[in-house]
Amino acid sequence: MIDRKPSSSPAIHDFATWEPVLRLLRAGRPTRHVGTSAHVAGRIGRHGWSPSLRRRSPQPGRAAQVDDMRDEMDAVQRVQSALVDAGVDDISFTAEISSTGRTALHLLGPSPAVEPGIGTPHPGALILVEGALPEPWRRLPDPVPGAVSAASVDLPLLDRTLRGRLPDAIGATEAEIGAAEARLGVTLPDELKVLYRVVRARWQDWGDDHEAERRVCAAVGCELFSLDDLYVADAPSRHCRWEFAAMEAVVTAPDAAVQGLVGSPGWIVFGDNGGGDRLAVDLTPGPRGHVGQIIMLSHEKSIGADLLADSLLDLVSKRPGAHRGNRHDDGPPAVARVNTGNLRSIEAAAHADLEVLSIGVWDDAPLSLAPVVGLPRLRTLSAYPGTLADPLEIASLTGLEFLELGPQEWRVLLDAGAVPRSLSAAAIEVHGNQDVLPIVAIANDLLALWNRPRITRTTIEGDLDPLP
């Protein structure tokens, strides 16, 4: 771990900035005997915090109010203001508070190679190769020779239908459509051009007519974006943390209408269903799809899309697309989960197309990885702490790009010099209230193997009141 002495200028390195948070954290700990120490830890960011701070109890019969959180909010906002002044988004910390009040506070500085933990002071995924993306986020659409537009496409009918529903709408000019195409770097499909020639969906055009947007939604079948808000739903537009993204797999069944991608340069988003799910014209359909079909990208998923309509006219006419396959086929799954509620052996998970192996909670003898050694496509292994019979078997998995293990398993690999060099990212699976500093030490040992920026530690000492 890289230790730094606190600078004299940033408030974030001033013990007084942290004192209210530390007092609340200590107050929330069980009563300690004289001579013992309390260990507290957490993460504070500009828009949230993870410590469970002690709050005032509401009066009997009354629900908790904002004022009941006032001490907590004031203490956290003091740190958040210092983060803003220091130009830092979030910071983890751990502290040892003796019964006399003497405190050693360790601030764990962010690293550009480490994703923040989720609701925890422990580090998130470690990006071992700068700019690396999980395999599903690198996938481009497969070509579909012979893909054509749906038979329902009828440009004159689409134009008449929309103008009949929106007789007073202001349409886009050819120059405005051309500017949108230049910005996106793609030629808009004909149906989308017809739509925007009828209505360009700009707020400025509606003035004081507050019902105008509702009429457009009813006419089109979605909350329509303006030309300026059109975007291409390629893979980078669908951000996902490494530890989650590495557990996904791109699968497109032979009879699927939509390719099971994260994103595509041919997915042009033009609207929203009102619940955060995006509607797009699909120019790169699946084997049984149509060029220009309308798909929906769920905000609850990081991969894949659902067919809504075979054409924009079908969407406007409320004719749903016929179900044609899905993104899974009938073969063995590319993502296999071995745990007490799913597959009960590594042998059951092993097959030539396996990409992701997740070993979860296990109530039997630790497992051997021998059945998956040599599988050509295995790229992700996530193993719950204590589930592996011999962590050193991981050295035989030469194609891994992501590995998630418990602290003890990582330490075995590090001490043996057996960390796979094929990795692009890694994660440390931590359960319970484990001490933060040993976990950060493992993270820094892994980062050092790839010469990546380490997590820094700044130690600040100060005094709180002695325990009564």
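Here the structure is shown first, and the text comes after it.
Residues numbered from 1 in each chain as written. Predicted model: local features only at pLDDT ≥ 70, side-chain atom pairs only at ≥ 80, totals over all residues. Heavy atoms only, no water.

Enquirer: What exactly am I supposed to notice about the nonpolar core here?
Expert: The tendency in soluble globular proteins is for nonpolar side chains to be buried as a group. Leu192, Leu195, Tyr196, Leu224, Trp267 and Phe270 are the most contacted members of the largest nonpolar core, which totals 56 residues. Counting residues per element, this core draws most heavily on helix H6 (residues 190-198), at five residues. Within the second largest apolar cluster, 45 residues are counted, among which are Val114, Leu369, Val419 and Ile428. (Core = buried A, V, L, I, M, F, W, Y, C linked by side-chain atoms within 4.5 Å. Buried < 20%, exposed > 50% of the residue type's maximum accessible area, 1.4 Å probe, protein only. Helix = DSSP H or I, 4+ residues; strand = E, 2+ residues; numbered from the N terminus.)

Enquirer: Just checking my understanding: could you explain the pairing of strand E4 (residues 90-98) for this structure?
Expert: The side chains of a regular strand alternate, first on one face of the sheet and then on the other. Of all nine residues in E4, eight are buried; the element is thus mostly enclosed. Alignment of strand E2 (residues 37-45) against E4, held across nine bridges, turns out to be antiparallel. If you follow Gly45 over to E4, its bridge partner there is Asp90. Summarising the sheet, E4 and strand E5 (residues 102-108) pair through six bridges and their orientation is antiparallel. In the sheet register, Ala95 faces E5, and the bridge partner there is Leu105. Counted between consecutive antiparallel strands, the loop separating E4 from E5 contains three residues, among which Gly101 sits at a positive phi close to 100 degrees. (Pairing = 2+ DSSP bridges.)

Enquirer: How should I be thinking about the packing of helix H12 (residues 407-416) against helix H13 (residues 436-449) in this particular structure?
Expert: For any two helices packed against each other, one specifies the crossing angle of their axes together with the interaxial distance. Look at H12 against H13: their axes get within 11 Å of each other, and the N-to-C directions meet at 40 degrees. Between H12 and H13, the angle falls in the class oblique. Crossing handedness for the pair H12 and H13: left-handed. In contact with Pro407, Trp410, Arg411 and Leu414 of H12, H13 contributes Ile439, Ala441, Ile442, Asp445, Leu446 and Leu449. (Axes fitted to C-alpha atoms, helices over the stretch in contact; angles between N-to-C directions. Parallel < 35°, antiparallel > 145°, perpendicular 65-115°, else oblique. Left-handed = near helix turned anticlockwise from the far one by under 90°. Contact = heavy atoms within 4.5 Å.)

Enquirer: Help me out: how do you make sense of the packing of aromatic side chains in this one?
Expert: Two aromatic rings are characterised by how far apart their centres lie and by the angle between their planes. Applying the stated criterion across every chain, the model contains three aromatic pairs. For the pair Trp203 and Trp206, a centre-to-centre distance of 5.4 Å together with 70 degrees between the ring planes defines the contact as edge-to-face. Of this pair, Trp203 and Trp206 both sit in helix H7 (residues 203-206), three residues apart, roughly one helical turn. On the basis of an interplanar angle of 20 degrees and a centroid distance of 5.9 Å, the ring pair of Trp242 and Phe402 is categorised as stacked. A residue pair is termed long-range when its members are at least 10 positions apart, and Trp242 in helix H9 (residues 242-245) and Phe402 in strand E16 (residues 402-405) qualify at 160 residues. Assessed through its relative accessible area of 4%, Trp242 is described here as buried. In this structure, Arg344 is placed above the aromatic ring of Trp362, and the distance from its NZ or CZ to the ring centre is 4.6 Å. Directly above the aromatic system of Trp450 lies the positively charged group of Arg421, at a separation of 4.3 Å from the ring centroid. (Phe/Tyr/Trp six-rings, centres within 6.5 Å; stacked < 30°, edge-to-face > 60°. Lys NZ or Arg CZ within 6 Å of the ring centre and 35° of its normal.)

Enquirer: I'm lost on the environment of Thr100 in this one. Help?
Expert: By the element assignment, Thr100 lies in the loop between E4 and E5. For the pair Thr100 and Asp465, spaced 365 residues apart in sequence, the C-alpha separation works out to 7.0 Å. Sequence-distant contacts of Thr100, that is, excluding residues within four places in its chain, are made with Leu464, Asp465 and Pro466. Polar side-chain contacts of Thr100 include one of 2.7 Å to the side chain of Ser98. A polar side-chain atom of Thr100 sits 3.4 Å from the main-chain amide nitrogen of Arg102. (Polar contact = N/O pair within 3.5 Å; in protein donor to acceptor, adjacent residues only side chain to side chain.)

Enquirer: Whenever I open this one, the pattern of salt bridges confuses me. Can you help?
Expert: It is possible for side chains of opposite charge to pair when their charged atoms get near one another. Applying the stated criterion across every chain yields a total of 29 salt bridges. Among the salt bridges present, the one from Arg23 reaches Asp465, with a minimum N-O distance of 3.1 Å. Of the two residues, Arg23 sits in helix H1 (residues 15-27) while Asp465 sits in the segment after strand E18 (456-463), which places them 442 residues apart along the sequence. Via salt bridges that share partners, Glu135, Arg139, Asp353, Glu355, Arg377 and Arg379 belong to a single interconnected network. (Salt bridge = Lys/Arg side-chain N within 4 Å of Asp/Glu carboxyl O.)

Enquirer: What is the right way to read the sheet that holds E16 from this model?
Expert: Hydrogen bonds between backbone atoms are what pair the strands of a sheet, whose relative direction is either parallel or antiparallel. Spatially, the six strands line up as an open sheet ordered E6-E17-E16-E15-E14-E13, and their pairing is mixed. Strands at the two margins of the open sheet, each flanked by one partner only, are strand E6 (126-127) and strand E13 (335-338).

Enquirer: Is there a simple way to explain unusual backbone geometry in this structure?
Expert: Despite not being glycine, Lys318 shows a phi value in the positive range, around 60 degrees. Note on placement: Lys318 falls in the loop between helix H10 (312-316) and E13. Residue Asn451 is not a glycine yet carries a positive backbone phi of 55 degrees. For Asn451, the position within the fold is in the loop between H13 and E18.

Function-wise, these values are silent; they only describe arrangement.
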